[in-house]
Structure formats: structure tokens, C-alpha cells
Amino acid sequence: MSDQVTLAGVELPTRSRVSIKIEVSAEINVSAFVARQKANRFLILQAGDQLCAGPPELAIGHHLYWRVPIQLTPSRLGPLGIVGRLLIDAEDGAITLADGQTVEQLLDQADALYERATL
């Protein structure tokens with residue numbers, strides 16, 4: 001989890017003084033461990049065994065999500081890089097691909113990364 005929060009679109013005058021307090025209250029029913037398990041199960045069922053879930057980070061927004069990086073890890077080469085991210089709802093465990101990506105696009109990213117790595 002990051003130690004900073006970014007507020008986009010906030011303009012402050014020069015020499016301004018600010019006081020910012022952020023409070024989030026939510027039920028977390030899915031741990032980081034379980035989110036990673038769910039991500040790996042999703043990847044095996046949807047994309048095969050060459051992709052695996054990396055360590056989740058908690059993303060705070062309208063909902064709390066575990067943002068899980070998807071790594072390409074061919075058995076003979078080892079980890080090659082991240083090809084996308086899954087979002088696991090921390091309350092109900094629902095899984096979505098981040099950034100509007102589809103499974104097909106994820107696999108295309110993985111193929112392109114594999115080709116670059118094996119040239």
C-alpha cells in the first residue's frame with residue numbers, strides 16, 4: 001500500500017496553508033491473501049497457467065479494491081513483467097479487469113511481452 005494519496009485537479013494559491021483529513025470506513029471481507037487466491041483462480045480459468053497474480057495493494061476510492069498486478073511468468077523464463085491488473089472488491093470479492101481491459105487484450109499484451117523477451 002502506498003504511503004501517499006494523490007489529489008488530481010486541486011489548485012492551491014501560492015503560500016497557502018491546508019489541512020487535509022481523510023477518513024474511510026468500510027467492511028473488508030476479503031483479505032489480501034484471499035484476493036490473490038481469487039486472482040490466480042480467475043487467471044487460470046480465463047487465461048491459462050502462464051499468468052499469475054502479484055502482491056495486492058489496497059486501492060481506496062468509491063469502493064475498496066485490491067489492485068492485483070498480473071505477471072507473465074513462463075515456466076522456462078521466469079517472471080517477465082506485468083501485463084495488466086485485476087481489481088478484487090474488498091467487500092464482496094467481485095473480480096474485474098482494470099482500465100477497461102478485456103481478457104483478449106490481456107493475452108495480447110502477454111504475447112507481445114513474450115515475443116520481446118525471446119528475441
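Per chain, the residues get numbers from 1 upward, laid out in the order the sequence is written. In keeping with the predicted nature of the model, local features appear solely for residues at pLDDT of at least 70, side-chain atom pairs appear and are counted solely at 80 or more, and the whole-chain, interface and lining totals rest on all residues. Only hydrogens and water are set aside; all other atoms, that is, all heavy atoms of the structure, feed into the side-chain values.

1. A look at the overall build of the chain
Every helix listed is a DSSP run of H or I at least four residues long, and every strand listed is a run of E at least two residues long, numbered separately from the N terminus. Per the secondary structure count, the chain includes 2 helices and 5 strands. Reading the chain from its N end, one meets helices and strands in the order α-β-β-β-β-β-α. Taken against the 2.2 N^0.38 rule, which gives 14 Å for 119 residues, the C-alpha radius of gyration of the chain at 18 Å runs more than 25% over that of a compact globule. Projecting the C-alpha coordinates of the chain onto the three principal axes gives extents of approximately 55 × 35 × 20 Å. Within the chain, the proportion of its 119 residues that are buried is 30%. In this analysis, two residues are considered to be in contact whenever any of their non-hydrogen atoms come within 4.5 Å of each other. Long-range pairs, those at least 24 residues apart, make up 43% of the contacts in the chain between residues at least 6 apart in sequence. Surface exposure here means Shrake-Rupley accessible area, sampled with a 1.4 Å probe, where a residue is shielded only by the protein chains that are shown. When the accessible surface of the chain is summed, it comes to about 8700 Å², and 49% of that surface belongs to carbon and sulfur atoms. When charges are counted, neither His nor the chain ends are considered; positive counts come from Lys and Arg and negative counts from Asp and Glu. By convention, the charge on Lys lies at NZ, on Arg at CZ, on Asp at CG and on Glu at CD. Here the chain contributes 10 positively and 14 negatively charged side chains, and the mean placements of these two sets differ by 8 Å. Throughout, the radius of gyration refers to the C-alpha atoms, and the reference size of a globule is 2.2 Å times the residue count to the power 0.38. Throughout this description, buried means an accessible area under 20% of the type-specific maximum (1.4 Å probe, protein chains only), exposed means over 50%, and partly exposed covers the range between.

2. Considering the confidence of the model for the chain
Summarising the model, the chain shows a mean pLDDT of 84, and 94% of its residues fall at 70 or more. pLDDT runs from 0 to 100 and stands for how confident the predictor is about each residue. Confidence scores differ between elements of the chain, with helix 2 (residues 103-117) showing the lowest mean pLDDT of 84 and helix 1 (residues 32-47) the highest of 93.

3. Some thoughts on a nonpolar patch on the surface
A cluster of nonpolar residues, Val10, Leu12, Val18, Ile20, Ile22, Val24 and Ile60, forms a patch on the protein surface that exposes about 680 Å² of accessible area. For Ile60, the location among the structural elements is in strand 2 (residues 57-60). Grouping into patches uses exposed residues only, defined as over 30% relative accessible area, and leaves out salt-bridged ones; the cut-off is 9 Å for like charges and 5 Å for nonpolar side chains (Val, Leu, Ile, Met, Phe, Trp, Tyr). Salt bridges are identified by distance alone: a Lys or Arg side-chain nitrogen within 4 Å of an Asp or Glu carboxyl oxygen.

4. Thoughts on the pairing of strand 2
DSSP-based pairing: two strands are paired if at least 2 bridges between them are found. As judged from the 4 bridges shared by strand 2 and strand 3 (residues 64-72), these two strands associate in the antiparallel manner. Looking at the pairing, Glu57 lines up with Arg67 of strand 3. Connecting strand 2 to the antiparallel partner strand 3 that follows it, the hairpin turn spans 3 residues.

5. A short note on the pairing of strand 4 (residues 81-89)
Regular strands show a simple pattern: their side chains alternate between the two faces of the sheet. As paired strands, strand 3 and strand 4 are joined by 8 bridges and run antiparallel to one another. Within strand 4, the position partnered with Trp66 by the bridge is Ile88. Sheet topology note: the strand 4/strand 5 (residues 95-97) ladder contains 3 bridges and is antiparallel. Residue pairing in the sheet places Leu86 in a bridge with Leu97 of strand 5. In this antiparallel pair of consecutive strands, strand 4 and strand 5, the connection spans 5 residues, and Gly93 shows a positive phi of 80°.

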